Amino acid sequence: EDQVTQSPEALRLQEGESSSLNCSYTVSGLRGLFWYRQDPGKGPEFLFTLYSAGEEKEKERLKATLTKKESFLHITAPKPEDSATYLCAVQAGGTSYGKLTFGQGTILTVHP
Amino acid sequence: DTAVSQTPKYLVTQMGNDKSIKCEQNLGHDTMYWYKQDSKKFLKIMFSYNNKELIINETVPNRFSPKSPDKAHLNLHINSLELGDSAVYFCASSQDRAYTGELFFGEGSRLTVL
């Protein structure tokens, strides 16, 4: 069974303090790994797709990387508006597109 | 202009009742989904429709029945509600069956069963 585990469960940072979130996964034939951001009371918002080990994607202060067993979401010089829950998801080969297996998320709080 | 809209945002009801959640998307997408987020925050897929055709039907009790009258709408009807059905239900849509994994989610409908 496909599984996604994110760590830490919660992370508190000071504004400007860079850090990384981890997403470990087991999946039969990775088709893609995805990062989403979820604000309280809102639906998840798509950030990145990574398809193969070694791939990297960047967006503003966020950078996602992928290895064969895990993905990291690096946050450089975070700001309070980066506070949210970050969700990692995978899609297995041979499954219907759109069937994503999500982790439980990392709650990020950035203090000014 | 909301891309994926769900109604109602909150439902509070008694065990045994029947309830429906409606979803509409104005993005022109041809695939829509229902995901359930439980108390531990895990999002799990329930159903998916592509151009009104059911393409994903996970192991969900028969009390849950999705209906897609057209590709812009996907509704979820739940019969004989149970305490364990309490959760946040998210509707989502994608273009071309989400080859890129990019789903557009609504804001969720929080169901509380008493």
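Owing to the predicted nature of the structure, the values given are computational and were not obtained by experimental measurement.

Chemist: Tell me about the overall build of chain A, and name the residues and values.
Modeler: When you go through chain A residue by residue, the secondary structure sums to zero helices and eleven strands. Ordered by position from N to C terminus, the α and β elements of chain A give β-β-β-β-β-β-β-β-β-β-β. Taking 112 residues into account, the globule formula puts the C-alpha radius of gyration at 13 Å, and chain A, at 13 Å, falls close to it. For the C-alpha atoms alone, the extent of chain A along its principal axes is close to 45 × 30 × 20 Å. Counting over 112 residues, chain A shows a buried share of 46%. Contacts spanning at least 24 positions in sequence make up 56% of the contacts within chain A whose residues lie at least 6 apart.

Chemist: Describe the overall build of chain B, and please don't skip the residues or the numbers.
Modeler: From N to C terminus, chain B includes zero helices and eleven strands. If you list the helices and strands of chain B from N to C, you get β-β-β-β-β-β-β-β-β-β-β. Relative to its length of 114 residues, chain B is compact, with a C-alpha radius of gyration of 13 Å against a globular reference of 13 Å. Taken across its 114 residues, chain B has 44% of its residues classed as buried. Here the analysis covers contacts within chain B between residues at least 6 apart in sequence; of these, 55% occur between residues at least 24 apart. Surface summary for chain B: the accessible area is close to 5,700 Å², and the carbon and sulfur share equals 48%.

Chemist: Tell me about the pattern of salt bridges, and name the residues and values.
Modeler: For the structure shown, the criterion picks out nine salt bridges over all chains. Among the salt bridges present, the one from Arg61 of chain A reaches Asp82 of chain A, with a minimum N-O distance of 2.8 Å. One end of the pair, Arg61 of chain A, is in the loop between strand E6 (56–59) and strand E7 (62–66); the other, Asp82 of chain A, is in the loop between strand E8 (70–75) and strand E9 (84–92), and 21 residues separate them in sequence. In this pair, the class of Arg61 of chain A matches that of Asp82 of chain A, namely buried. With a shortest N-O distance of 2.8 Å, Asp85 of chain B and Arg63 of chain B are connected by a salt bridge. Of this pair, Asp85 of chain B sits in the loop between strand E8 (73–78) and strand E9 (87–94) while Arg63 of chain B sits in the loop between strand E6 (53–57) and strand E7 (64–70), placing them 22 residues apart in sequence. Take Asp85 of chain B and Arg63 of chain B: they sit in the same class, and that class is buried.

Chemist: Can you break down the interface of chain B and chain A residue by residue, with the values?
Modeler: Listed as interface residues are 23 residues of chain B and, on the opposing side, 21 residues of chain A. Around 1,800 Å² of area is buried between chain B and chain A when both sides are counted, 56% of it from carbon and sulfur atoms. A salt bridge links Glu58 of chain B to Lys99 of chain A, with the shortest nitrogen-to-oxygen separation between them at 3.2 Å. Applying the counting rule to chain B against chain A returns eight residue pairs in polar contact (both at pLDDT 80 or more). Looking at the side of chain B that touches chain A, the elements with two or more residues in it are strand E4 (31–37), strand E5 (43–50) and E6 of chain B. For the side of chain B that touches chain A, the element with the most residues is E4 of chain B, which contributes three residues.

Chemist: I'd love a proper account of the state of the cysteines, names of residues and values included.
Modeler: Within the structure shown, the criterion is met by two disulfides over all chains. What pairs with Cys23 of chain A in a disulfide is Cys88 of chain A, and their sulfur atoms sit 2.0 Å apart. Between Cys23 of chain A and Cys88 of chain A, the disulfide has an S-S torsion of -65 degrees and is therefore left-handed. Here Cys88 of chain A lies in strand E9 and Cys23 of chain A lies in strand E3 (residues 19–26), a separation of 65 residues in the sequence. By relative accessible area, which is 0% here, Cys88 of chain A ends up buried. Here Cys23 of chain B pairs with Cys91 of chain B through a disulfide, and the sulfurs are 1.9 Å apart. As the torsion about the S-S bond is roughly -80 degrees, the Cys23 of chain B-Cys91 of chain B disulfide counts as left-handed. Separated by 68 residues along the polypeptide, Cys23 of chain B in strand E3 (residues 19–25) and Cys91 of chain B in strand E9 bring together distant segments of the chain. An identical accessibility class is assigned to Cys23 of chain B and Cys91 of chain B; each is buried.

Cut-offs and rules
- Counting from 1, residues in each chain are numbered in the order their sequence is written.
- All chains are assigned letters beginning at A, and all ligands numbers beginning at 1, according to the order in which they are written.
- Only residues with pLDDT of at least 70 get local features here, since the model is predicted, and only at 80 or more are side-chain atom pairs given and counted; chain-wide, interface and lining totals rely on the full set of residues.
- Note that water and hydrogens are dropped before the side-chain values are worked out from all heavy atoms of the structure.
- Numbering goes from the N terminus for both helices and strands, where a helix is a DSSP run of H or I of at least four residues and a strand is a run of E of at least two.
- Two things to know: the radius of gyration comes from C-alpha atoms, and the globule rule equals 2.2 Å times the number of residues to the power 0.38.
- For every residue, the accessible area obtained with a 1.4 Å probe (protein chains only) is divided by the maximum for its type, and the residue is called buried under 20%, exposed over 50%, and partly exposed between those limits.
- Contact between two residues is taken to exist if any of their heavy atoms lie within 4.5 Å; hydrogens are not considered.
- Each accessible area value is a Shrake-Rupley result obtained with a 1.4 Å probe; residue values ignore everything except the protein chains displayed when judging cover.
- Criterion for a salt bridge: a side-chain nitrogen of Lys or Arg within 4 Å of a carboxyl oxygen of Asp or Glu.
- Buried area adds together the accessible area that both of two parts lose upon being put together, with accessible area traced by a 1.4 Å probe.
- Here a polar contact is recorded for every N or O atom pair within 3.5 Å, except that within protein the pair must consist of a potential hydrogen donor and a potential acceptor, and residues adjacent in sequence are included only if both atoms are side-chain atoms.
- Cysteine sulfur atoms that come within 2.5 Å of each other are treated as a disulfide pair.

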